[in-house]
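Below are the chains, spelled out letter by letter.
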Amino acid sequence: MNAGRPAASDAAIEFEALADDAWLLRLGRVIDDELNARVHALAARLRLHAPPWLRDVVPAYASLAVFFDPFAIDAADARAWLRARCEHASAVAPSPAARTIEIPVAYGGEFGPDLHDSAAELGVSPQALIARHSERDYTVAMIGFAPGFPYLSGLDPELALPRLATPRTAVAAGSVAIGGAQTGIYPRPGPGGWRLLGRTPLCLFDTARDAPSLLQPGDRVRFRPIDALEFARLQAAP
Amino acid sequence: MSAADSPDSRCDIEVVAPGPLSHVQDLGRDGWRHLGICRGGALDPACAALANALVGNRDDDAVLEFTLQGPSLRLPRPLRIALMGAVCEARFEGQWLPPARPIDLPAGVLSLGGMRSGVRGWLAVRGGLDTPRVLGSRATDLRGGFGGIDGRALRGGDRLPVGAHGAIETSRPRVPGWWIDPDFNHDPHAPIRYLASEAPALRDIAAQLSRQTWRVNAASNRQGLRLDGDALQAPQAGALSEPVAPGTIQLPADGRPIVLLADAQTVGGYARLGHVIAADLPRLAQARPNAELRFLRCDAAQAAAAARKARAEWARLKLAIEARLKRQ
């Protein structure tokens, strides 16, 4: 996807005032694994020596936001500090040792009410859709929309599906879904317009845990198909 | 919060009637946006902090934020309270109570009624509302479903714990003769200032924001203020999701802007026309459905100057409150 495109130089990082207390750093404008890895590497670099005025580093697909305490540092000074940290950002090797998290998923039936229709729309069998969805590794490109909701990149482009014309008012927690060229997991019940293929018994977001989100930006994710019995067993497990 | 914790000073306020949307807030939670968790917090943090100052609390103690109409609360023992923000019809056992000053109340029912203008008010109680901290804050995350009382708006029968150090003694309402201006930072008629996007595809559209009067749509909430007016020409959809922030002016495909507020999602895919400056965000918290809003472009230096001015005014009021409380 990125073959032949020269790596962006440091100077190509655009700064944009996102708010009085936030800078947006844009490394690019496309969904691209290499670009996203550089975003996460830069986010890690900024967090490594975070000064007290730095409140939040928010990575997205090809950009990241940095929120600062506007009463502790001037916006221009924050920008200068960030500029200095961006030097040689293209040389920052994305850490290959990112975690890989296995997510068990019960596909189809009550767990994935859109599996059959989606397979039919793609012209494949439900079994083939399950196999192709679970055979790849994905990357948590960013977390957003809701607390702990991972936008996973790496979906087989042939499995891209348009969002539902009318979003559901109630999607079950743990639902694994395809929306456009991405796949994701709904952490808690709520409305949603993505195609529901299955559901994981794992809890994606729990404020009582030290790490409230099961997944962190930059993590690798692998889906493992399970049956209803294993779903029930894992759900009952502490 | 075991029974062993100084039973003399801790108590629970009982919610008799919750009001349309009342919830526990403080100054919000930082450090979690990368996990999709909004900052949240009182929609006018300076105002909430002054309510706290009036009762002798810290800036970030938890207060009650209420919307359009306040709740009715049963106080189990004497408490010191202060009301800031939009002025509501406040009564204690039938007696009218003024805003923006520390009021000592005996046990009884405090009823906060409707607001004639504005949308949001803040009630501080000496000792602070002592709901559990979640991810470092007591703020209710209504969309995330955590913080405050089970991550939701108050319901009748809820109990709001008041922290220690809240104990006072009084057998009748005591209202001091001094107060601060509850609207201290706000000129309701001034336009809302914003920094316009400099992106070539958006520059002209962003400039158009200031060329008409907008109306606040009733579907507005703590996540965003929706504006009705002549639709702007939205750029073609399909923009890559990027981080957004409170103040971000989004332009969805329908051409009607949304200004994000404290409960803003952390990323968004709509075109961004720029952002409302921090000094003017508190006024958006008080914009009623159907209210008319005008926007005015400014630059970063003006935004910084406005923020400094608001901060200085806030600090001056806070010092005045502290000096006054020492003399009491």
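Whatever comes next refers back to the structure up there.
In short, a report on the structure. All values derive from a computational prediction rather than experimental measurement.

1. Points about the overall build of chain B
- The helix and strand inventory of chain B stands at four helices and 21 strands.
- Across its three principal directions, the C-alpha atoms of chain B cover 65 × 35 × 30 Å.
- Within the span of chain B, comprising 328 residues, buried residues form 58% of the whole.
- Split by element, the accessible area of chain B, about 13500 Å² in all, is 49% carbon and sulfur.
- For chain B, the centre of its 41 positive side-chain charges and the centre of its 34 negative side-chain charges are spaced 3 Å apart.

2. Regarding the sheet that holds strand β6 (residues 88–92) of chain B
Residues and elements named next belong to chain B.
- As summarised here, the arrangement of the six strands in space is β7-β6-β9-β4-β1-β11, forming an open sheet in which the pairing is antiparallel. Bordering the open sheet on either side are β7 (95–97) and β11 (159–162), each of which pairs with just one other strand. When strand polarity is set aside, the average angle formed by the axes of neighbouring strands in this sheet is 30°.
- Relative to β11, strand β1 (residues 11–17) is paired through four bridges, and the arrangement is antiparallel. Bridging from a neighbouring strand, Ile-13 pairs with Leu-160 of β11.

3. What about the nonpolar core?
- If you look at the biggest cluster of nonpolar residues, it comprises 48 residues, and the most contacted ones within it are B:Leu225, B:Leu284 and B:Phe295.
- For this core, the element with the highest residue contribution is helix α1 (residues 45–54) of chain B, accounting for seven residues.
- B:Phe295 has contacts with B:Pro191, B:Ile192, B:Tyr194, B:Leu209, B:Ser210, B:Trp214, B:Leu227, B:Val259 and B:Val276, leaving out every residue within four places of it along the chain.
- Listed in part, the 36 residues of the second largest apolar core include A:Leu46, A:Val57, A:Leu64 and B:Val267.

4. Description of the environment of B:Ile103
Residues and elements named next belong to chain B.
- By the secondary structure assignment, Ile-103 is in strand β8 (residues 103–105).
- Residues Ile-103 and Arg-80, 23 residues apart in the sequence, show an inter-C-alpha distance of 5.5 Å.
- Excluding residues within four positions of it along the chain, Ile-103 makes contact with Leu-79, Arg-80, Ile-81, Leu-97, Pro-98, Arg-174 and Val-175.

Calculation notes
Residues numbered from 1 in each chain as written. Chains lettered and ligands numbered in written order. Predicted model: local features only at pLDDT ≥ 70, side-chain atom pairs only at ≥ 80, totals over all residues. Heavy atoms only, no water. Helix = DSSP H or I, 4+ residues; strand = E, 2+ residues; numbered from the N terminus. Buried < 20%, exposed > 50% of the residue type's maximum accessible area, 1.4 Å probe, protein only. Areas by Shrake-Rupley, 256 points an atom, 1.4 Å probe, with all protein chains shown as cover. Lys, Arg positive; Asp, Glu negative; His and termini not counted. Charge placed at Lys NZ, Arg CZ, Asp CG, Glu CD. Pairing = 2+ DSSP bridges. Axes fitted to C-alpha atoms, helices over the stretch in contact; angles between N-to-C directions. Core = buried A, V, L, I, M, F, W, Y, C linked by side-chain atoms within 4.5 Å. Contact = heavy atoms within 4.5 Å.

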